[in-house]
Each structure stands twice: as C-alpha cells, then as structure tokens.
Amino acid sequence: MKPYPKYKNSNIPWLGDVPEHWEVNPGLSLFRENKNKNIGLIEKQVLSLSYGKIVIKPQEKLHGLVPESFESYQIVEPGDIIIRSTDLQNDKVSLRTGLVKNKGIITSAYICLCSYLTSNYKFISWLLHGLDLMKVFYGLGSGLRQNLSWRDFKRLLLPVPPLPEQQQIARYLDWKTAKINKFIRNKKKLVGLLKEQKQAIINDAVTGRIDVATGKPYPEYKPSGIDWLGDIPKDWNCTNLSKYVEIKDGTHDTPPYINKTKNSFPLITSKFFYNGFIDFDKAPHISLEWHELIYSRSNTQSGDILMSMIGGNIGSCIYVDTSRMFSIKNVALFKTSNSKKLNGYYLLHLLKSSIVTIQIANNQTGGGQPFIGLGNIRKLFCTFPNLSTQKQIVSYIEKETFLIDQTIEKAKKEIELIQEYRTRLISNAVTGQIDVRDIAVPDFEEVEAEPEEEIEENEEELIEESEE
C-alpha cells in the first residue's frame, strides 16, 4: 500500500505525521455524547458489548438483573458508538468499542457517542476501533481504576480527513476486513474439524473401544454400569474420579490485585490457560498473605492438572509443568503429582474426552455463567485401566495426534498473522499511513469477525459503577 504524497506533523505523540490536507481536531468536532436514559422502561431489548461487537443479550444471560434495573440503562440507536470506559487499569486486553446496529438499551456505565453526520458514523467507528487496537485509550483516564469519561473523548485530538475520504476509508475497511474475516472463519472451521478428529482418537482410547497395543478392540468387555457409556474392557474400572486422585479447588473470591513485586504471586484462572501452558505474563498478582491463604488449600505442584470450574470455557484443563508458585481461582486441582494410581497425562486426556465433557454439561449450574462445584467434580465417573495401560494410551494418543496438532498449530499461526495484519491495516488506514483514495471497492458481502477470548462483564457491577 502506498503512503500519501505529503505529510505534516500532527503534534500528537501517539499519532506522528498525518497527510498534509487532513485536519487534527478534538473529538467534540466529530461526535457528541448521547445520554438517553430508559425512564419508564421504554425499551426492553438489552444489548451488550461482546468482543468488539454490540450484540443482543440472550434472556438466559440476564442473570442477577430485574426489570427495574433496566430503567438506569441508556437507550442507544443504530449508528451510535459504545465505549467500555471502565477498569482500564486491570484489563488491557479486551476490545472497548463497538458500533450499534440494533436499537435497544445498554448499561449506563458505558459511554455512548453519536456522530453529528449520518454519513460518517462508520468512519468514526473505524477510527475509534483503530485507536482501541493501538491501545491509545490507556494513556487517558483517571482515578484508581483509570476510568474514562466523556471529557476524555471530547478533548481527544483525532486525525480528520475530508468527508468523502472518510467514506472511502470506511468502505475500504468494510471490504478488506470482510475478506480477512472470511479467511479466518474458514481456518477456524478447519481447526474445528481437526479437533473433532483428535477428539475421536482420544475417546476411542480412553473408553477402551480400541486396544492401543494391537489397534483392535479388546478381547473381552463388561458393562460399565453407565447406560450412555456402554461396555468397557473386562479388567478396567469405572468409578468416581475422587477414588483415584485427590481433588481440591482454590478461591472463588477476587483478592485485591497489586503490582508485580518480589513478594507478589500470580493468581491463575482458566483465562490464562494458553496452548497447554499457563500465561504468567498476563496474570494479575496478589499479596503474600492472600497467596498463603489460597495456597494452604490448593498447593499446586508440577505434575498436577488444573480444570476450569466456571464460565464459557468450563472444563478447559492443562497439565502443570512448572515449579513456580501461584494461586488459583475458580479452578479445580487434581493432585496427580502424588497419585500412585493415575498418570497425569492420562487424566488430562480423560478430562478432555466425551466421558467427562458430557457429565460436566449435565452437572453444571447457572445460565449465563455456568459453574460446576467441587462435589460434582469428585463424583465424575471415569474409566481406569491399570497404570501401565494408562501410559500406553498416553503414548498412543501422542503418536496418533502429532500431525493433527501440527496442522492445528499451523492454522492457528496463520489466523494470528492475518489478525495482526488486520490490526495494522485498520490502524494505518484511519491514521493516514496508507492512501486508499484511488482503490476501487467492489460489491461484497459483509462478514463479521468471530469472537476472541475476552474478560467477561459483570452487568450488576457495571450498573453500580454507573450509579456512583
């Protein structure tokens, strides 16, 4: 992509040079704040900011909210732009802007901006989304939790091209990101199919459908005692998980977060399970006192297994391969490091198999925030061959899924690279680093970006914050 012919200094540190004919104006020249409270419960369709999109919130996710709560919500219209302006200090990952496409109501803890011109709201949306991707918002805000307000946005200096150019940039980005989103969607579909293939291999191995030593069914089977599981090999056991391994949990509270110091410790939730490892770099830290309190009931060690107990990735699990000290929250701990009857990697595959995932789905509680308690985890029925066979099964699964895992990782890397390209493309277009004026944009079908992992919102907390 070519740059503009001439540039000038914007005098904005995060922006640098802008095209010579662009203006640099405060936000209040482009948009105004919209504060239209839902007095009298005029609107009932509840919206939510999810992964950079404004979506209609399903009824089952309106937990903890009652109709009276919605009177404090604000009414938003298609073309409005929502900013999640709270808690910048603790969450520097999530996307914070979204374009409204459906009329409805959304928490008043968010800032709602609307364009003065109906012809340029898409450019403004792309501009603010670009700033969001560039993490410009984290240089703004005030207070203990670094919250943003309308004052921050109305004074924020922004690059402003002429109106026809704004429209061209918006249409160009609509087109290019639709192509990118389609590519990502196809790659994710491939990953899903490969994971299904891997899942079938794991299921056959841990349920005894195949003898991994011979590649054929076992010579003799017996009833497992569970209708949906069927028969298992004659010398296997099918019993509660707690009879083979000690199972604990950590805290379900949220300790105060502190800066990373010598006497601080990571607090790990399933949000920090990444590609089979724990992402300590992104985890918040807690004090020694809190760590000792949590660690006294969940002394996680290398060789143990961790499993998420709550949220959209309930059941997600990892093998702990580090001796680093840390605490856990909303996570179950399986003490395979000191079990003499259960191989840690066998349990890892077992927890990922349909044997366990079916039981978790049947025993979880809660609507929008599913949860499985420690008691139900201890009662999970699982299949247990002897320790020697467990190790053979682990080796078989690793061998049979090696190429599948490689292909999955390659696809994930391609997704990651194209996502990085999309971020650069958006940022460069809205800041004038590339010139798209002469590019012919064909007719195209819009394709939404698919969700990526983010911190889940607590609507009740947001309501309280908005009323303070």
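Every chain's residues receive numbers from 1 upward, in the order its sequence appears when written. The predicted nature of this model means local features are confined to residues of pLDDT at least 70 and side-chain atom pairs, given and counted, to a pLDDT of 80 or more, with totals for whole chains, interfaces and linings taken over all residues. Hydrogens and water molecules were not included; the side-chain quantities draw on all heavy atoms of the structure.

**Topic: the overall build of the protein chain**
Each helix corresponds to a stretch of at least 4 residues labelled H or I by DSSP, and each strand to a stretch of at least 2 residues labelled E; elements are numbered beginning at the N terminus. Each helix and strand counted, the protein chain has ten helices and 25 strands in total. Across the 468 residues in the protein chain, those meeting the buried criterion constitute 50%. Long-range pairs, those at least 24 residues apart, make up 77% of the contacts in the protein chain between residues at least 6 apart in sequence. Carbon and sulfur atoms form 50% of the exposed surface of the protein chain, whose accessible area is close to 23,300 Å². In this charge count, Lys and Arg are treated as positive and Asp and Glu as negative; neither His nor the chain ends contribute. Where a charge sits is defined by one atom per residue type, namely NZ (Lys), CZ (Arg), CG (Asp) or CD (Glu). Counting 58 positive and 58 negative side-chain charges, the protein chain places the averaged centre of each group 3 Å from the other. Here's how the labels work: a residue is buried when its accessible area is under 20% of the maximum for its type, exposed when over 50%, partly exposed in between, all with a 1.4 Å probe on protein chains only. Whether two residues are in contact is decided by their heavy atoms: any pair within 4.5 Å suffices. Under the convention used here, a 1.4 Å probe and the Shrake-Rupley method define accessible areas, while residue burial counts only the protein chains that appear.

**Notes on the packing of helix H5 (residues 344-352) against helix H8 (residues 387-400)**
With their axes 8 Å apart at the nearest point, H5 and H8 run at an angle of 65° to one another. Here H5 runs over H8; the crossing is left-handed. Contacts between H5 and H8 involve Tyr345, Tyr346 and His349 on the former and, on the latter, Gln390, Ile393, Val394 and Ile397. Each residue gets one of three labels, nonpolar for Ala, Val, Leu, Ile, Met, Phe, Trp, Tyr, Cys and Pro, charged for Asp, Glu, Lys and Arg, and polar for the others, Gly among them. Taken together, the residues that form the contact of H5 with H8 break down as five nonpolar, two polar and no charged. In this analysis, axes come from line fits to C-alpha atoms, helices being fitted only over the stretch in contact, and the angle between any two N-to-C directions falls in the range 0 to 180 degrees. The crossing is said to be left-handed when, going from far helix to near helix, the turn is anticlockwise and less than a right angle, and right-handed when the turn is clockwise.

**Re the environment of Leu293**
Relative to the helices and strands, Leu293 is located in helix H4 (residues 288-295). Look at Leu293 and you get exposed, because its relative accessible area is 54%.

**Structural notes on helix H3 (residues 163-206)**
Residue pairs three or four apart in sequence face the same way in an α-helix, which turns once every 3.6 residues. Multiplying one less than the number of residues by 1.5 Å gives the expected span of a helix. Counted at 1.5 Å a residue, the expected span for H3 with its 44 residues is 64 Å, and the 62 Å between its end C-alpha atoms agrees. Just past H3, the residue Gly208 takes up positive phi, approximately 80°.

**Quick word on unusual backbone geometry**
One non-glycine residue, Asn11, lies in positive phi territory at about 65°. Summarising the element assignment, Asn11 is placed in the loop between strand S1 (7-9) and strand S2 (17-19). Phi at Asn275 is positive, roughly 50°, even though this residue is not glycine. With respect to the helices, strands and loops of the structure, Asn275 is situated in the loop between strand S18 (273-274) and strand S19 (277-278).

**Side note on the pattern of salt bridges**
Whenever a carboxyl oxygen of Asp or Glu lies within 4 Å of a side-chain nitrogen of Lys or Arg, that contact is scored as a salt bridge. Applying the stated criterion to the full structure yields 13 salt bridges. With a shortest N-O distance of 3.4 Å, Glu77 and Lys103 are connected by a salt bridge. Of the two residues, Glu77 sits in the loop between strand S7 (74-76) and strand S8 (81-83) while Lys103 sits in the loop between strand S9 (97-99) and strand S10 (104-106), which places them 26 residues apart along the sequence. The exposure class of Lys103 is partly exposed, given its relative accessible area of 37%. Each of Glu43, Glu77 and Lys103 takes part in one network of salt bridges that share partners.

**Considering a nonpolar patch on the surface**
In this analysis, a patch consists of residues with relative accessible area above 30% that form no salt bridge, clustered at 9 Å for like charges and at 5 Å for the nonpolar side chains Val, Leu, Ile, Met, Phe, Trp and Tyr. Taken together, Tyr116, Leu117 and Leu163 make up a surface patch of nonpolar side chains, about 270 Å² in accessible area. Counting through the fold element by element, Leu117 comes out in the loop between strand S11 (111-115) and helix H1 (121-133). With a relative accessible area of 43%, Leu117 lands in the partly exposed category.

**What to know about the sheet that holds S8**
At least two bridges found by DSSP between two strands is the condition for calling them paired. The strand order across the open sheet formed by four strands is S4-S11-S8-S9, and the pairing between neighbours is antiparallel. On the outer flanks of this sheet lie strand S4 (31-33) and S9, each paired with one strand and no other. Across the sheet, the mean angle separating the axes of adjacent strands is 30° when strand polarity is ignored. Relative to S11, S8 runs antiparallel, the two being bridged by three bridges. By the bridge assignment, Ile82 is partnered in S11 with Cys112.

**Things to note about the packing of aromatic side chains**
Aromatic pairs are defined between Phe, Tyr and Trp rings, using the six-membered ring for Trp, whenever the two ring centres lie within 6.5 Å; interplanar angles under 30 degrees are classed as stacked, those over 60 as edge-to-face, and all others as tilted. Inspection of the entire model under this criterion finds eleven aromatic pairs. Here Tyr4 and Trp22 contribute two aromatic rings whose centre-to-centre distance is 5.8 Å and whose plane-to-plane angle is 75°, an arrangement assigned as edge-to-face. Here Tyr4, found in the segment before S1, pairs with Trp22, found in the loop between S2 and strand S3 (23-26); they are 18 residues apart in sequence, far enough to count as distant. Considered together, Tyr4 and Trp22 belong to a single accessibility category, that of buried residues. Seen from their ring centres, Phe70 and Tyr73 are 5.3 Å apart, and the 85° between their planes marks the pair as edge-to-face.

**Some thoughts on the confidence of the model for the protein chain**
Mean pLDDT over the protein chain stands at 89; residues scoring 70 or higher make up 92%. Per residue, pLDDT captures the predictor's confidence, and it can take any value from 0 to 100. Within the model, the stretch residues 453-468 combines pLDDT values under 50 with 40 contacts to residues more than four positions away or in other chains.

**Here we look at the packing of H1 against helix H9 (residues 402-430)**
Interhelical geometry of H1 versus H9 gives an angle of 125° and a closest axis separation of 9 Å. On the basis of their axis angle, the class for H1 and H9 is oblique. Between H1 and H9 lies a crossing whose hand is left-handed. Contacts between H1 and H9 involve Trp126, Leu127, His129, Gly130 and Leu133 on the former and, on the latter, Thr423, Ile426, Ser427 and Val430. Classifying every residue of the contact of H1 with H9 by side-chain character gives five nonpolar, four polar and no charged. Throughout this description, any angle smaller than 35 degrees is read as roughly parallel, any larger than 145 degrees as roughly antiparallel, any in the 65 to 115 degree range as roughly perpendicular, and the remainder as oblique.

**Overview of the sheet that holds strand S24 (residues 331-334)**
Strands sit in the order S16-S24-S21-S22 across an open sheet of four strands; the sheet is antiparallel. Sheet topology places strand S16 (247-249) and strand S22 (317-319) at the edges, where each strand pairs with a single neighbour. In this sheet, adjacent strand axes meet at a mean angle of 25° when their direction is disregarded. Note: strand S21 (residues 305-308) against S24, four bridges, orientation antiparallel. Residue pairing in the sheet places Leu306 in a bridge with Leu333 of S24. Across the sheet, H5 is in contact with S21, S22 and S24; its angle to S22 comes to roughly 165°.

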